[in-house]
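Each chain, letter by letter, is given below.
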Amino acid sequence: MKGWFTAAVLVLMGQLTWSQKTLKTGIIIDTLGNEVELVLDKNGYPNSYFSYVLTPVCLDGTCYPIKINIHWNLAGEYKKYTLETNEILTKIDHIPFTDQDYIDLDLVIRDNQSALADFTLEELTSSDTTAELADSIKVDGVTGATRTELEGAFVPGALYTSHTLWHLVRRPSLAMRKYTSHAYFKPIFESYFLNNPELGMQSDYLKHLIANAESSAEILIPIIDSTDNELTQIAIQSIDSMELEVPQITEVLANTYKKTEQSEVKKEILKRWYKRQLSAVEQKALANELGFQFSTFQDELDLLAEQSDWTEEVYFIYYERLKSTRNMMRKEKMKKLLYSRSAFYPKKFRKFLKKEGVL
């Protein structure tokens with residue numbers, strides 16, 4: 001555990017020794033002229049964004065300025081921060097950060113739901129406090145009571161530092177995303193963007209392809225049919241509601257549902273099937289997979305329940321899944337659904353159940 005802890009701190013505080021080439025982007029973070037640079041890999045492909053930042057963190061000049069390197073992916077999403085060798089961060093009364101403080105700061109910065117979003121620097125401390133309390137509470141060297149809404153949202157003793165960096169890393173995000181798309185959304189980079197999720201541009205590039213294609217199906221079907229990962233989920237999400245009725249789309253989603261072992265992929269398909277009368281091939285895939293994964297069982301059962309008509313084949317598949325299910329709670333739920341449809345049993349299935357001694 002200690003080894004992991006030390007390694008994590010070294011990652012955050014590691015010196016920048018770029019072997020990659022960087023390009024100026026003209027994206028300026030703040031009024032001090034801190035600029036974002038694009039980092040290229042050894043092949044000259046865009047890899048990430050980086051900025052060396054020198055900035056004050058409090059209003060009255062009593063805090064040491066921050067010298068820090070910030071890193072983003074190509075979508076402008078925060079990746080990490082690093083410090084140059086011998087550079088440190090400080091908090092109340094210029095006390096150096098502890099190892100835990102450095103790790104906590106990383107967690108604070110990457111929290112997209114942070115309460116820090118709702119306050120300016122001037123609003124961080126509350127003036128309506130007793131003199132005794134004000135004397136006992138200091139924030140980055142500035143006397144004042146911290147707002148209760150911010151509890152747990154910053155590194156203890158480093159509220160202004162936490163607030164400044166949280167906002168700073170988000171300020172240029174949209175500009176970086178636009179820079180990536182305008183400069184690099186070209187056919188030569190298609191495979192690069194689609195096959196490297198850590199770059200953060202899979203969804204954007206896929207939308208770019210669809211926007212420039214005569215039919216989104218010609219873009220999406222090969223991806224869904226040949227992959228089984230996060231890109232598959234994005235492709236499934238990108239299917240237009242009208243295209244869910246296209247036979248090729250119907251078939252590829254049904255086949256993907258049968259073959260995938262990724263519960264998240266299954267869940268994406270279930271979302272697209274929800275509130276629809278499924279085709280025979282979709283119903284068959286759904287019935288065949290019923291209960292094989294605990295995380296999708298209830299959604300599968302609910303989706304089958306909302307179907308106004310089942311094909312004859314689905315009744316037989318469902319019955320076999322019911323017989324083979326060992327979990328008694330699931331078995332009872334499946335029985336209840338099957339019995340609720342007794343008025344709609346096909347003749348062949350009704351005869352089968354009589355032969356089985358069920359009816």
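Our structure is the block above this text.
Here the structure is a predicted model, which means the values were calculated and not measured. (Residues numbered from 1 in each chain as written. Predicted model: local features only at pLDDT ≥ 70, side-chain atom pairs only at ≥ 80, totals over all residues. Heavy atoms only, no water.)

## Things to note about the pattern of salt bridges
Thinking step 1. Applying the stated rule across the entire model yields 13 salt bridges.
Thinking step 2. Between Asp225 and Lys259 there is a salt bridge, with its nearest N and O atoms 3.8 Å apart. Taken together, the residues span a long stretch of sequence, with Asp225 in helix α8 (residues 216-226) and Lys259 in helix α10 (residues 247-259) at a distance of 34 residues.
Thinking step 3. Note on Lys259: relative accessible area 45%, which makes it partly exposed.
Thinking step 4. Between Glu313 and Lys284 there is a salt bridge, with the nearest N and O atoms lying 3.3 Å from each other. A residue pair is termed long-range when its members are at least 10 positions apart, and Glu313 in helix α14 (residues 312-324) and Lys284 in helix α12 (residues 280-289) qualify at 29 residues.
Thinking step 5. Note on Lys284: relative accessible area 33%, which makes it partly exposed.
Thinking step 6. Taken together, the shared-partner salt bridges in this structure form one network comprising Glu245, Arg276 and Glu282. (Salt bridge = Lys/Arg side-chain N within 4 Å of Asp/Glu carboxyl O. Helix = DSSP H or I, 4+ residues; strand = E, 2+ residues; numbered from the N terminus. Buried < 20%, exposed > 50% of the residue type's maximum accessible area, 1.4 Å probe, protein only.)

## Considering the layout of surface pockets
Thinking step 1. In this structure, the largest pocket spans a volume of roughly 260 Å³.
Thinking step 2. Looking at the largest pocket, it is lined by 14 residues, and the ones nearest its centre are Thr55, Pro56, Leu121, Thr164 and Arg171.
Thinking step 3. For the lining of the largest pocket, the element with the most residues is helix α4 (residues 159-170), which contributes four residues.
Thinking step 4. Of the residues assigned to the lining of the largest pocket, the class counts are seven nonpolar, five polar and two charged. (1 Å grid on protein atoms, 1.4 Å probe; cavity = no way out; pocket = protein on both sides within 12 Å on 5 of 7 lines; lining within 4 Å. Points joined across faces, edges and corners; volume = space filled by probe spheres on them. Nonpolar A, V, L, I, M, F, W, Y, C, P; charged D, E, K, R; others polar.)

Without other data, these values stay purely geometric and don't point to any function.
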